[in-house]
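Commentary on secondary and tertiary structure
Listed here are the chains, written in short residue letters.
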Amino acid sequence: MTAPNPRPEPEARLWCFERAGMARRKKIYEGKAKILYEGPEPGTIVQYFKDDATAFNAQKKATIEGKGVLNNRLSEFFMTGLNTIGVPTHFIRRLNMREQLVRACEIVPLEIIVRNYAAGSLATRLGIEEGTQLPRPIVEYCYKDDKLGDPLVTEEHIAAFGWASQHDMDDIVALALRVNDFLTGLMYGVGIRLVDFKIEIGRVYDGDFQRLIVADEISPDSMRLWDIETGRKLDKDVFRRDLGDLTDAYTEVARRLGVMPKQATHIAKPKLIN
Ligand code: TYD
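Described in the following lines is the structure provided in the data block. Every value quoted in this text rests on a predicted model; they were computed, and no experiment measured them. (Residues numbered from 1 in each chain as written. Predicted model: local features only at pLDDT ≥ 70, side-chain atom pairs only at ≥ 80, totals over all residues. Heavy atoms only, no water.)

All right, on to the site of the ligand then. Of all residues adjacent to the ligand, which total 15 residues, the nearest are Arg 115, Ser 121, Asp 150, Asp 196 and Arg 224. In this structure, an oxygen atom belonging to the ligand sits 2.5 Å away from a side-chain N or O atom of Ser 121. For the ligand, an oxygen atom lies 3.2 Å from a polar atom in the side chain of Asp 150. The fraction of the free accessible surface of the ligand (510 Å²) that becomes covered by protein chains is 78%. A per-class count over the shell around the ligand returns four nonpolar, three polar and eight charged. (Near = heavy atom within 4 Å. Polar contact = N/O pair within 3.5 Å; in protein donor to acceptor, adjacent residues only side chain to side chain. Areas by Shrake-Rupley, 256 points an atom, 1.4 Å probe, with all protein chains shown as cover. Nonpolar A, V, L, I, M, F, W, Y, C, P; charged D, E, K, R; others polar.)

See the structure below:
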């Protein structure tokens, strides 16, 4: 007869963890749109998506009901798709409406931006009309530092300050362009133009080897998405530029991609029956 295993299997431990509630979790970090908690296994993290929206380096703030739920689902959808085509990401699985389990990694302190059309800071900086198609996708880097307002940096700065090696940068550009091709095609299929987006990259160690993976989140918070027919903005510019209801815009993206049923983010409040 085999003795009962005193230690639950990893899946069982995960199961316990999911039902343990937030109280037992250790908060690791709270950012503008997400909170990170210690995960159930070493090397894992729970990513909680908040409803908070910020813009202009957090000078503009609001709470937008349902945004966290939508971004959790959309980020799951994009990351799962990327994993399927062999682009490594930190995503393990979604836990519930607002949380997903991800692989812990060391974040490279850069925002990697890919642009297909001129918009935002590029349009301003170079005096190019918004919406102009760029001759080819352009990859830019910003140094992640809120106090400095995430300044634009070049590969020279990145190498000189040791934020990433030249080899890392080659891998990062290759990853960013694959993500761009994937997202551009996906969006085009549902009548949406992917104008630009930002990703973050994490380092993970497998024994002595280091690998770079797509981390953080991929959601309309960090993209520009324009309806191909009408030009309607379906991304965080709706909030930045006061163009309407942000949840409606993100719901439209989710609906077109078949990610979640309409209005599933708005949990019905109890109604008084007379
Ligand atoms: P960019 O045009 O440089 O900045 P802004 O949004 O201030 O005009 O941004 C290009 C894209 O990258 C856009 O889709 C927003 C995204 N992005 C972020 O999500 N976070 C960031 O910190 C930065 C710099 C860009």
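Still to come is the rest of the account.
For the rest of this paragraph, the subject is the packing of aromatic side chains. Considering all chains together, one arrives at three aromatic pairs under this definition. Both rings, one in Phe 77 and one in Phe 78, keep their centres 5.7 Å apart while their planes meet at 65 degrees; by these two values the pair is edge-to-face. A ring pair is formed by Tyr 143 and Trp 163, whose centres lie 4.0 Å apart and whose planes are at 15 degrees; its orientation type is stacked. Of the two residues, Tyr 143 sits in strand S10 (residues 133-143) while Trp 163 sits in the loop between helix H4 (155-160) and helix H5 (166-188), which places them 20 residues apart along the sequence. Here Trp 163 falls in the buried class, since its relative accessible area comes to 16%. Through successive ring pairs, a cluster of aromatic residues spans Tyr 143, Phe 161 and Trp 163. Between Arg 25 and the ring centre of Tyr 37, over which it is positioned, the NZ or CZ distance is 6.0 Å. The side chain of Lys 60 reaches across the aromatic face of Phe 239, ending 4.9 Å from its centre. (Phe/Tyr/Trp six-rings, centres within 6.5 Å; stacked < 30°, edge-to-face > 60°. Helix = DSSP H or I, 4+ residues; strand = E, 2+ residues; numbered from the N terminus. Buried < 20%, exposed > 50% of the residue type's maximum accessible area, 1.4 Å probe, protein only. Lys NZ or Arg CZ within 6 Å of the ring centre and 35° of its normal.)

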